[in-house]
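Analysis of the macromolecular model
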Amino acid sequence: MEVARPRLPWWTLLPGGVKLVLSPIALVVVAAWVVAKVVRVAWYYPTTVALGLVGVWVYSVNGWVLGGLALVVGVGSAVWWWRDSDGFHTRVRWVRTGVRRASVYAPQWRTVMRLASLDGKVRGREYLPTLRRTRSDWWRDTVHVRMVKGQAPEQWEVRASGLAHAFGARSCRVRVTRPGALALDLVRSDPLATVLRVPALVEDAVVDLRRVTIGRTESGKPWRLKLLGGQHLVVGVQGAGKGSVLWSTLWGIAPLLRSGGVRLVGIDPKGGMELGQAPELFDRLVFDNGPDAVEVLEGLAEDVRERAGRYRGVRRWWSPETDEPFTLLVVDELADLIAYQPDRKLRERAQGALQTITSQGRAPGFGVLGLVQDPRKEIVPFRNLFTTRTALRLDEAVQVDMVLGDGVRARGANAHDISEHTPGVAWVKEDGRREPVRARAFYPTDSDLVELRHFVTGTSAAIVPFPDREVRGGEAA
Ligand SMILES: Nc1ncnc2c1ncn2[C@@H]1O[C@H](COP(=O)(O)OP(=O)(O)OP(=O)(O)O)[C@@H](O)[C@H]1O
């Protein structure tokens, strides 16, 4: 006959007189709580609250005006979307944010957290992660979360895939924003699905070697490469788009190649299939992995040491004022040089010289852009010397951490999942930045490369009219 005894709140047991004395304080506390709740709702649902207030106000002025207003807003939005869909998507983000929060995240949050075992229980009391502000772009929702005390971001990372499925997203990435707080990026569609054309070449453009634009990131910002002060390793399977990263980089520094501010040295062990498309750009170019290539590397390593010796005690970093060119070494298939070369001595000499250039070349103005298909340690034993690592499409999931560093795949950098229909899309990880960035390189076509050659060499790419065509008014017909 045991029955649960009703648990009354402690204050009900107080004597009547005490309750009477405390009642004004209790009223103030309750009023403050209600105000806090209202502010919270207005903060998290600004759109809904604002629209609701406007609706109530219009209705109180005149009922039928509300219908007219709704019609005008509806038709106006449709026309806006039709004429300028990009502007519409950007400017109506707050509406989308409100709708998605109210329809997806708020109603399912508690259940999903429980099912994903992201809640916690102590002495019968349940603790749930707090759903904070959300933001919905046309391709992604960003959901800010306050973790339950004692939780680690890694617990969320292992459940990221489940969270994506639960909230109807293609993928979920976990970012740490503050101690105890996370942002979940729930991606719904791919903003990098369309091919990016290279920008126009401008003769007297100012190029900052610390920020060479070679494409666009997922969030619409320029994808910038830090050539001065960084060494770059680009990894991807055949057809992943390594060539587009390479040519976009050279496109980005074209004004400096033209003015002599950058000296290019190239090694293309594949017989010139890649770099042979614009040999005029290079100060020195070798098309094999034999003694010539090794001599070029050793010569550069010597230059690095010599320049570093001259700078010692005078300057810390190379700068354009030194009147010496910045030197960029481009190696198209790194593995051919440092792993597949059958002659052990040549292989070791190439490895030694490359390690000197990558480890000591940053300050005296020497950069390396190495491209490779296979990221294993046996192939590139000194991957850690490259400060920026780019993973284009990879074969296997285990290769992601090999290229980008331990634990980066868990943060959402699924380079092995990049579609073969989107060559040039990559995950980029810079030393010193926790979060990897997803980006797509420009796509320089064959005719763009012809234009690049003419731009750098200063020759004209004018189209010569066919001799048998009639020429009218000085123009080819
Ligand atoms: N950024 C890009 N945008 C759109 N298409 C691209 C891009 N990069 C490459 N492609 C397409 O993908 C194809 C393969 O690219 P690319 O030759 O650069 O790959 P790769 O990784 O260098 O391959 P390989 O190792 O065989 O040389 C190109 O012919 C081109 O059609």
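Residues numbered from 1 in each chain as written. Predicted model: local features only at pLDDT ≥ 70, side-chain atom pairs only at ≥ 80, totals over all residues.

An unreviewed UniProt entry annotates the chain as Transfer protein traSA originating from Actinokineospora spheciospongiae.

Brief notes about the domain arrangement of the chain
Structurally, the chain comprises domain 1 (24-91), domain 2 (106-189) and domain 3 (212-457). The distance between the C-alpha centroids of domain 2 and domain 3 comes to 37 Å. On the side of domain 3, 5 residues touch domain 2, which itself brings 6 residues to the contact. Per-element tally for the side of domain 2 that touches domain 3: the top contributor is strand β5 (residues 171-178), with 4 residues. Of the residues in the side of domain 2 that touches domain 3, the class split is 2 nonpolar, 1 polar and 3 charged. (Domains from an automatic or database assignment. Contact = placed C-beta atoms within 7 Å. Helix = DSSP H or I, 4+ residues; strand = E, 2+ residues; numbered from the N terminus. Nonpolar A, V, L, I, M, F, W, Y, C, P; charged D, E, K, R; others polar.)

Thoughts on the sheet that holds strand β13 (residues 366-372)
Spatially, the 10 strands line up as an open sheet ordered β8-β7-β16-β15-β14-β9-β13-β12-β10-β11, and their pairing is mixed. Each end of this open sheet is capped by a strand with a single partner; those strands are β8 (222-225) and β11 (284-286). When strand polarity is set aside, the average angle formed by the axes of neighbouring strands in this sheet is 25 degrees. The pairing of strand β9 (residues 232-235) with β13 spans 4 bridges and is classified as parallel. Across the sheet, H232 pairs through a bridge with L369, a residue of β13. Against the sheet, helix α8 (residues 242-252) touches β7 (212-217), β8, β9, β12 (326-331), β13, β14 (388-391) and β16 (437-441), its axis set at about 135 degrees to β7. (Pairing = 2+ DSSP bridges. Axes fitted to C-alpha atoms, helices over the stretch in contact; angles between N-to-C directions.)

Examining the UniProt feature "domain: FtsK" (unreviewed entry) in the chain
In this numbering, the UniProt entry assigns the feature "domain: FtsK" (unreviewed entry) to residues 220-401. Taken end to end, residues 220-401 is 35% helix and 19% strand, and its two terminal C-alpha atoms sit 25 Å from one another. (UniProt positions renumbered as here; feature names shortened; annotations may be inferred.)

Notes on the sheet that holds strand β4 (residues 140-146)
Strands sit in the order β3-β4-β6-β5 across an open sheet of 4 strands; the sheet is antiparallel. Single-partner strands in this sheet number two, and they are β3 (130-136) and β5. On average, adjacent strands in this sheet sit at an angle of 20 degrees to one another, irrespective of strand direction. Strands β3 and β4 of the sheet are contacted by helix α5 (residues 93-115), whose axis makes an angle of about 145 degrees with β3.

Comments concerning the packing of helix α10 (residues 291-311) against helix α12 (residues 344-360)
Between α10 and α12, the least distance of the axes is 9 Å, while the angle of their chain directions is 30 degrees. Viewed along their axes, α10 and α12 adopt a mutual orientation that is roughly parallel. The chirality of how α10 crosses α12 is left-handed. On the side of α10, the interface is formed by P291, A293, V294, L297, E298, L300, A301, V304 and A308, while α12 contributes L346, R349, A350, A353, L354, T356, I357 and Q360. When the residues that make up the contact of α10 with α12 are grouped by side-chain class, the tally is 13 nonpolar, 2 polar and 2 charged. (Parallel < 35°, antiparallel > 145°, perpendicular 65-115°, else oblique. Left-handed = near helix turned anticlockwise from the far one by under 90°.)

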